[in-house]
Amino acid sequence: MKFIAKNIAKKLATTGGVPLLLVLSLTMCSEDVLDKQPLGTLTDETFYKTDKDFDAATLAPYSTMLNLTYEQFGSGLWNGFLKPDDDVQHRDPNDAMDVFNWTPGNNNFGWVWANAYKGIARANTVLDQLPKATALADAKKPRYEAEAKFMRAWWYFLLATNWGEVPILTTVPGSVEETMVGNSKPGEVWDLIESDLKFASTNLPANYGSEKGRANKWTAQALLGKVQVYRAQWFKTPAKYADAITNLQAVVNSGAYKLTANYGDNFDEKKENNEESLFEVQDTEGDNINSWGTTDTGGRAGHAWTIYVSPSCYYGSGGTCAPKSWGEGYGQIDITPSLVKEFEPSDPRRYYTMYSQGEVYDPTGSTVKFDSTWSRTGHTPAKYNRPWDPNRFPNNWSQNNLRLIRYADVLLLLAEAKLLGNNDVAGAAALVNQVRARARTTPVPAEAKITGTLADVPATGSPAAWHKQYLQHERRVELATEWDYRYEDLVRWHRAGLINIKTDVQFGYPESNTNWKETYLLKPIPQSEIDLNANLKQNPGY
Amino acid sequence: MNEPTTAVARRWLLPLHLLALFAFLFLPAQLHAQTRVTGRVIAQGTNQPIADVVVGVTGTQVATRTNNEGRFALTAPAASGTLVFTRLGFNRLQAPYSGTTPVDVTLVASATKLEEVVVVGYGEKIRATATESVAQVSGEDLRRVPAASPEAALGGRAPGVQVTTESGAPGAPVAVRIRGVGTVGNTQPLFVIDGLPVGRANSPAESPLSTINPDDIESISVLKDASAAAVYGVQAANGVVLIQTRRGHAKTPTVEYNGYYGVQNFPKTYQMLNPQQWYDFGQESFTNYNTQFGYAPTSNDARKYTPWLVTNWPTISQQNTDWGDVVTEHNAPISNNFLSVSGNSDRSDYFISGGIFKQAPIITKFDFRRYSGRVNSNIRVTDRVRLSETFTVSDGQTIRGQNNGYNGQLLPNALNLPPFFQYQDVNGLVSGNRYGYTGNAQFANNAGLTFGNEPALNQLVDARDRDLRLLGGGTAELDILPGLTLRSLGSLDMNVVRNTSFVPPVSQAEIGLDRADNDEETRTDNLSLLWSNTLNLNKSFGRHNVNAVAGTEIQKGRYTGSTFSTTGLITTADAYRQIPTAGSSLFNPPNSWAGENAFLSYLGRVSYNFADKYLLTASLRRDGSSNFAPENRWGTFPAFSAGWRLTQEPWFKVPGLSEFKIRGSWGRLGNSDVPRAFPHINQIVTTPDYGLNGSTVVKAPAPNGLVNRNLVWETSESIDFGFESGFFDNRLTFNANYFKRDTKDFLLNVPIPATSGLSFGASDGGFGASAAVNSGLVRNKGMEFESGYEFTAPGGVDIRLNGNLTTLKNELVSLREGIEEYSSGGGYRTAVGQPIDYFYGYKTCGLYRDAAAAAAAPVDKTIGSNKTQAGDLCFVDINGDNVIDAKDRTYLGKTIPDFYYGFQVNSNWKRFDVSLFFNGVGGIQKYNAVRQRLGSMGGGGGNKLTSVLNHWTPENPDASNPRNVAGDPSGNGRFSDFWVEDANYFRLKNLQLGYNLPAGKFGLKNATRVYVAGTNLWTATPYSGLDPEFTTSVDFSRSRNDQQQQSGTDNGFIPQPRMWQFGLRTTF
């Protein structure tokens, strides 16, 4: 540099060509130098162009589901959704989620809220970009649009059932002002969900071949039927049952799905995406083995359910510790006594739902048996966690897909719609008995101590009583501890006047019943959201 | 790398040298023939005699003073030698004497503060005729406070400049605020080192100054008003700090050595409960909990200690670990060794230096060292052509453990450990695991005894941060015509950073499961290139004086980085940690990033003065930045300033008043530091993936944040006016300035609702969505006062006093349309009508002293179904709706002070010099999160401060703390003013006592100064934490400390240490 500068300076000094340097500097300073682009990242100038791009982009709203289930201490889904119900209870008494001490500052709800909107924004991104993708054949667009709309509806359904009249965004915000959306009008979000799902069920393919995991036509139609059953009960509009019957029946009539022969297959890592599964979270190792974050933050793409529910130690009188407690089992939640009682002695499904005294726990090595003193209630959840595998790696992670919509759920929803919409007890009983028949023939080891044979339910009775006695029971034992469905079932039945949560439900801890009030039919909107958005009003009672 | 050896070296090397010197010093002086020397001293120009001139004989202790006629007489020990004449206000003079021949000398008045040359952008000015507001601090003053980074020593030295170091960690980042806080976003000034702007937007470089050796600095100028800074238009909205490095001055080659060695200690310590107090406090909190919720003590739902703990308590309670002491280093060493060679010949001058700075922390494992070298030179090629260059290279390394939050919440984490846990027992049940929380099953119960053994983990983890930086450039100057110079500067700023963190393997016995080792490595490199061409005109036409600058400047930056981590390492030796054993997978796959930015600028400034009396300056700069969309890329920044030196007017005669100038300025400045790179471009991230078919991993690209094409320059418009005055030949100076700075459209990453769905990568509960916006208007106004006085006290003590005070009022005037406030997170808020980032939470009104009072309390909805009890904190129902909820949160304090000040006393007496430097801050609050963590109620878990013992019980209703109950069912620990404290302070920042060894002895050609100094010796503050002087950065990457957001949280970082140092400076 010195050398060059010296030469230039000398030359200038001798020639007196002063302007040369100035001119040189001005030409060098062409304003083009300011046209910088981010390096090493895709932008919308390089992405959202081809069908390959949209194949990838449509996965983003699915991928967001992994965020809900990553946290090893149960933030989000498990704490926010599962604990409030009467299937499980937290190992420590007075847990705010469990005993209905819900406050807007509780981040467990916030985690679900934030991720739902993230999933929606990613679906909206696809919807925003599709019209701009001029190189993409128009014929290919409806499928991508339908897939994005399905996922948008899935996320909005999660929001609507938990928070009620949530803000609606149908495009990606382009300014801060556009992010400050107020509460929607009653029913508005349900209308959006239904219209998105109708579009999806019309435009999605019946299957994707080897690309299992994407929502297809029947996934969309099944979810639509479910939404309509919920809507009939939330808003006491029985007319919706007819729509639900149409959609759910179409799924049944398609013949695309059937119940697995073995109930346990639905929670078996080797039987993912099976004939009974309409939709599941595709948990994998991901491209990263760092298990301490979500795939969004560069972590894994599986879930922490197993480490969260595997027993650790119980410190009550006589309590003992499970093998590898705290290392591979945090024992955060136990099965409630009321769920244990709900199972008929002859129901093999109990074995697949919970661990009980004397059942094989660690099948490797010296065959450790489950000891009821590892748990406050004597039982811990078994779904997705049987067989317990101490050698899986990494120990706190599971790639076992969480099932979101099973054919059994479709059958039970159809039964409920027929029962309450058409007073068709016989039709409902036929469907329920299909589910029971599969349960009956599911094999269980002798140690499970299942006694007798599971009987069919009767095909007669008053619809309301039948609902209470048979349908509610069947849904509970068939779907226990899966996703958030139990508490949502309780909420919709309470809203429809079919049950009274406060008096009919045994949550586990007595404070849960003491504290429960109608406010808790909805979750509190996170306080930080209210702080940031003056247009947003808190749900009543918080 | 071989730390033990060098650690020993640094401990003995310096003291040994000094010991040797002193041995010489006190050898008995030889007796010589005595000579009577007389003479007279007069002043140049006036030829008036000067009284009180100290006349000494070099190499001896002999000295006297002149009388009122300027005459002196002394008895010299030798027949001939050298006399030294010193007098405040005059240049020092040496003159030979021989025999009794009278020595008559003429002293030249030295430049006073008003006559000094100040460095402004792209040139220099005489202070007296400058119209801009510029503060200048000499390198000499900066070096008094030992610090790795020169800006850390700026605090209190100059009016209008507030400096806060994040913590006492070696090399900790420093927050510099000039005339308040203009934005919630980047509020750090622009740093310009020898003409090169460093540390600009989007460059993830470290604090630009941490690589500069304070010994290399000639002076630092702070450009405070718009007129001074306008030539730096781009990025100058927060002011400009100009740093000039040293040049060779002496005719003969001069070698300078400067070194010190010091020890550092904690200024204060925390008192924690002993094991029995811990047990009793926990038992009480369980009992109160069980009583409140109606659990029989034997019930399964009751809180209680585990049988294991109860059974073993008699043994365990005998173990008392002082966890604070475990993590404390006593007399942690700090040392600096600096050597330079400089000289000046007809055609060139040079300055070459090298330095080694080392600082160990007062907390375990955080060693910092830096090697630096510099070559500065000027060459006069011909009479018209000059070349100069300046290059510095520095290599810094920090070796540390796992200190949460980067620089050490280690102390509070350690103090939190139950006192009966033990540090070193490897197989016992209590401390058998180094991580504490997993293998320690017996404690993992309702009592919540699940702790990481952070001190052990800190020792286990080996993290190294290495930073190599090259900074420099060359300048060519050509005199086209007399007074007209073309100047071309090309420079570069390059740094290469390699940070590694190694965690050794841990076993089942230690943490409950086997976990492989892993090593994480991050490398970044940054390059910034600058080319500036200016034409400088300096011309006088009669009494008209013109100084003008015009030019262009282009700056380009590029950065790249990559990170990955490996596990199952082939060997754990430092050099091979990146290599996994065959078949072992990467823990984190490689990830890389890169970026570019550019600035293009046109600048001009004209200064005109008539007869050094009427002064005018106008400047204009136009800047383009790649940070904005093309249509919003350019900003234009004009400024004007004017001054009038009344003392130059013949009619203005005030006795004693030697200088009086009024001055004022107006101008606009810009800031293009967008909170994220390329906010106008829709960037897609590919991190998320999804496993189709339950196994095939497919990328699921997603949008990354809100795209804002409308971002424009942040602009600050400021006015200031004031006067500068000098009395008694400028021995006494007094300056005052008023300033007002309006920053509008400030660039800010505002938190946006999670409903946006744009919270990519946020792991804190899914929130953290934010967007880069232009956000509103912030007003800073205040006054600056500065005064100096130089005099000779009776007994011949020369004293120089300097003081400065800045008052400040910061107010957010508006936010975006329709937005009145937003939460800044963590108990902070920014709202219209309030200062930026004030504390926002619940206000307390004492305790509910009895059940009747608690029963009458408003319903507290924030605690759900729980009820307020006697002994709970009373929270004020701000909105009067008889309910306590989020709407009752309010202003609790602020992070921007009302005023700050500094005061220096420098005095010389004979060969001794003493200096004291005080500084202080007033009208500021801090959030004592350490006290919230360690001093809140509810026991049986982590250890607590002894202050918790004074808590409410029915027998102690007037306690200062609320009741002791496990689980805090009433939310007494929530963020409230209970945890926010006044944090003003007045501090003796530095005290020095020096002795100047006579020249000529022991081969020392020139004066040698030895000194002892103490730093942070005494602090007066109401703040209860270890140190009120800290700032928190929301960004723990430590790359920059430029945000005001959440700046007042005391997380228990390393406090500013109390330091004693011993130093020496000499030239050969």
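Residues numbered from 1 in each chain as written. Chains lettered and ligands numbered in written order. Predicted model: local features only at pLDDT ≥ 70, side-chain atom pairs only at ≥ 80, totals over all residues. Heavy atoms only, no water.

A. Fine view of the overall build of chain A. Scanning chain A from terminus to terminus reveals 21 helices and 9 strands. For chain A, the spread of C-alpha atoms along the principal axes amounts to about 110 × 55 × 50 Å. A burial count over chain A gives 64% of its 542 residues as buried. Pairs at least 24 apart in sequence give 71% of the contacts found in chain A among residues at least 6 apart. Working note: accessible area of chain A is about 18,100 Å², and carbon and sulfur atoms make up 55% of it. (Helix = DSSP H or I, 4+ residues; strand = E, 2+ residues; numbered from the N terminus. Buried < 20%, exposed > 50% of the residue type's maximum accessible area, 1.4 Å probe, protein only. Contact = heavy atoms within 4.5 Å. Areas by Shrake-Rupley, 256 points an atom, 1.4 Å probe, with all protein chains shown as cover.)

B. Broad picture of the overall build of chain B. Along its length, chain B carries 11 helices and 55 strands. By the burial criterion, 60% of the 1068 residues in chain B qualify as buried. When contacts within chain B are restricted to residue pairs at least 6 apart in sequence, long-range pairs at least 24 apart make up 71% of them. Of the accessible surface of chain B, which amounts to about 39,000 Å², a share of 57% is contributed by carbon and sulfur atoms.

C. Highlighting unusual backbone geometry. Residues and elements named next belong to chain A. Arg 386 connects to Pro 387 through a cis peptide bond whose omega is 5°. With respect to the helices and strands, Pro 387 occurs in the loop between strand 8 (380-381) and strand 9 (402-406). Positive phi outside glycine occurs at Trp 483, with the angle close to 45°. Inspection of the secondary structure puts Trp 483 in the loop between helix 17 (463-479) and helix 18 (485-495).

D. Structural view of the state of the cysteines. Residues and elements named next belong to chain B. According to the stated counting rule, one finds 1 disulfide over all chains in the structure shown. A sulfur-sulfur separation of 1.8 Å characterises the disulfide bridge that pairs Cys 845 with Cys 874. Since a negative S-S torsion denotes a left-handed disulfide, the Cys 845-Cys 874 link at about -70° is left-handed. Of this pair, Cys 845 sits in strand 44 (residues 844-847) while Cys 874 sits in strand 46 (residues 873-875), placing them 29 residues apart in sequence. Under the relative-accessibility criterion, Cys 874 is labelled buried at 9%. (Disulfide = S-S within 2.5 Å.)

E. Structural view of helix 17 of chain A. All names here are of chain A. The principal kink in helix 17, of about 30°, is found at Leu 471. With 12 of its 17 residues buried, helix 17 lies for the most part within the structure. Turning to helix 17, its buried residues are Trp 466, His 467, Tyr 470, Leu 471, Gln 472, His 473, Glu 474, Arg 475, Arg 476, Val 477, Glu 478 and Leu 479. Those residues of helix 17 hidden inside the fold are in contact with helix 13 (337-342), helix 14 (349-353), strand 9, helix 15 (407-422), helix 16 (425-441) and helix 18. (Bend = angle between axes of the 7 residues up to and from the residue.)

F. Molecular detail of the packing of helix 7 (residues 141-163) of chain A against helix 10 (residues 217-234) of chain A. Residues and elements named next belong to chain A. Close contact between helix 7 and helix 10 brings their axes to 11 Å; oriented N to C, the two are set at 25°. Here helix 7 lies roughly parallel to helix 10, going by the angle between them. For helix 7 against helix 10, the interelement crossing comes out left-handed. Along the contact surface, helix 7 presents Phe 150, Trp 154, Phe 157, Ala 160 and Thr 161, while helix 10 presents Thr 219, Ala 220, Leu 223, Lys 226, Val 227, Tyr 230 and Trp 234. The residue makeup of the contact of helix 7 with helix 10, split by class, is 9 nonpolar, 2 polar and 1 charged. (Axes fitted to C-alpha atoms, helices over the stretch in contact; angles between N-to-C directions. Parallel < 35°, antiparallel > 145°, perpendicular 65-115°, else oblique. Left-handed = near helix turned anticlockwise from the far one by under 90°. Nonpolar A, V, L, I, M, F, W, Y, C, P; charged D, E, K, R; others polar.)

G. Seen up close, the sheet that holds strand 33 (residues 702-703) of chain B. Across the sheet, which stays open at both edges, the 3 strands sit in the order 1(A)-30(B)-33(B) with antiparallel pairing between neighbours. The open sheet has two edge strands with one neighbour each: strand 1 (42-43) of chain A together with strand 33 of chain B. Strand direction decides the pairing type here: strand 30 (residues 683-685) of chain B and strand 33 of chain B, joined by 2 bridges, are antiparallel. Residue Val 685 of chain B lies in a different strand from strand 33 of chain B, and its bridge partner there is Ala 702 of chain B. (Pairing = 2+ DSSP bridges.)

H. Structural view of the environment of Ser 398 of chain A. Residue and element names in this part refer to chain A. The residue Ser 398 is located in the loop between strand 8 and strand 9 in this model. Take Ser 398: its relative accessible area is 6%, and that puts it in the buried class. Separated by 94 residues in the primary sequence, Ser 398 and Ala 304 place their C-alpha atoms 6.1 Å from one another. Among the polar contacts made by the side chain of Ser 398, one reaches the main-chain amide nitrogen of Asn 400 at a distance of 3.1 Å. (Polar contact = N/O pair within 3.5 Å; in protein donor to acceptor, adjacent residues only side chain to side chain.)

I. Representation of the side chain of Asp 1027 of chain B. All names here are of chain B. As for its placement among the helices and strands, Asp 1027 is situated in the loop between strand 54 (1008-1020) and strand 55 (1058-1067). We classify Asp 1027 as buried; its relative accessible area is 4%. Side chain to side chain, Asp 1027 and Arg 987 meet in a polar contact 2.8 Å long. Only 3.1 Å separates the side chain of Asp 1027 from the backbone nitrogen of Glu 1029, close enough to count as a polar contact.

J. Just the sheet that holds strand 16 (residues 240-245) of chain B, in detail. Residue and element names in this part refer to chain B. Reading across from one edge, 10-15-16-13-14 is the order of the 5 strands in this open sheet, with mixed pairing throughout. Each of the sheet's edge strands pairs with one partner strand only, and the pair in question is strand 10 (134-138) and strand 14 (196-198). Sheet twist, expressed as the mean angle between neighbouring strand axes with direction ignored, is 25°. Two elements, strand 13 (residues 190-193) and strand 14, share 3 bridges in a ladder whose sense is antiparallel.

K. The pattern of salt bridges, seen in detail. This model, assessed by the stated rule, comprises 81 salt bridges over all chains. One salt bridge in this structure joins Asp 465 of chain B and Arg 400 of chain B, with 2.8 Å as the shortest N-O distance. Of this pair, Asp 465 of chain B sits in strand 22 (residues 462-481) while Arg 400 of chain B sits in strand 21 (residues 385-400), and the two are 65 residues apart along the sequence. The same class applies to Asp 465 of chain B and to Arg 400 of chain B, which are both buried. Three or more residues joined by partner-sharing salt bridges are found here, namely Glu 276, Glu 344, Asp 347, Arg 349, Lys 383, Arg 406, Arg 436, Arg 438, Glu 474, Glu 478 and Glu 482 of chain A. (Salt bridge = Lys/Arg side-chain N within 4 Å of Asp/Glu carboxyl O.)

L. Region of interest: the side chain of Gln 359 of chain B. All names here are of chain B. Take Gln 359: it is sitting in strand 19 (residues 348-359). Judged by its relative accessible area of 7%, Gln 359 falls in the buried class. Looking at Gln 359, its side chain comes within polar contact range of the side chain of Gln 264, at 2.7 Å. Contacts of Gln 359, omitting those with residues within four sequence positions, involve Gly 168, Pro 170, Gly 171, Gln 264, Pro 333, Ile 334, Phe 366, Asp 367 and Phe 368.

M. Local environment of a nonpolar patch on the surface. Residues and elements named next belong to chain B. Together, Val 393, Leu 468, Met 494 and Val 496 make up a nonpolar patch on the protein surface, roughly 290 Å² of accessible area in all. Looking at where Leu 468 falls in the secondary structure, it is placed in strand 22. Owing to a relative accessible area of 41%, Leu 468 belongs among the partly exposed residues under this scheme. (Patch = residues over 30% accessible without salt bridge, like charges linked within 9 Å, V, L, I, M, F, W, Y side chains within 5 Å.)

N. Expanded view of the packing of aromatic side chains. A complete count under the given rule lists 77 aromatic pairs over all chains for this structure. Geometrically, the ring pair formed by Tyr 351 of chain A and Tyr 352 of chain A is edge-to-face, given 5.1 Å between the ring centres and 85° between the ring planes. Classification of Tyr 351 of chain A by relative accessible area gives buried; the value is 9%. Clustering of aromatic rings is evident, with ring pairs tying together Phe 610, Tyr 614, Trp 644, Trp 651, Phe 652, Phe 660, Phe 723, Phe 734 and Phe 785 of chain B. (Phe/Tyr/Trp six-rings, centres within 6.5 Å; stacked < 30°, edge-to-face > 60°.)

O. Representation of helix 15 of chain A. Residue and element names in this part refer to chain A. Across its 16 residues, helix 15 extends 21 Å between first and last C-alpha, which sits within 8% of the 22 Å expected from 1.5 Å per residue. Extensive coverage of helix 15 is indicated by the burial of 14 of its 16 residues. Note on helix 15: the residue one or two positions beyond its end, Asn 423, has a positive phi of about 55°. (Expected span 1.5 Å × (residues − 1).)

P. Quick look at the nonpolar core. Counting 137 residues, the largest nonpolar core has Met 65, Phe 150, Trp 154, Tyr 156, Phe 279, Trp 466 and Trp 483 of chain A as its most contacted members. For this core, the element with the most residues is helix 7 of chain A, which contributes 12 residues. Excluding anything up to four places from it in sequence, Trp 154 of chain A contacts Met 65, Leu 223, Phe 279, Leu 404 and Trp 483 of chain A. Residues Met 272, Tyr 279, Tyr 289 and Phe 366 of chain B belong to the second largest nonpolar core, which totals 36 residues. (Core = buried A, V, L, I, M, F, W, Y, C linked by side-chain atoms within 4.5 Å.)

Q. Molecular detail of the confidence of the model for chain B. All names here are of chain B. Looking at chain B, pLDDT values average 82 and 85% of them are 70 or higher. Segment residues 1034-1042 is flagged for pLDDT under 50; beyond a separation of four residues in sequence, or across chains, it makes 41 contacts in the model. Both scores are available for the predicted complex, with the pTM at 0.79 and the ipTM at 0.89. (pLDDT = per-residue confidence, 0-100.)

R. Structural view of the environment of Arg 464 of chain B. All names here are of chain B. Locating Arg 464 in the fold gives a position in strand 22. Exposure remark for Arg 464: the relative accessible area of 12% places this residue in the buried category. Put simply, Arg 464 and Ser 501 are 37 residues apart on the chain and 6.3 Å apart in space, counted from C-alpha to C-alpha. In this structure the side chain of Arg 464 is engaged in a polar contact, spanning 3.2 Å, whose partner is the side chain of Asp 462.

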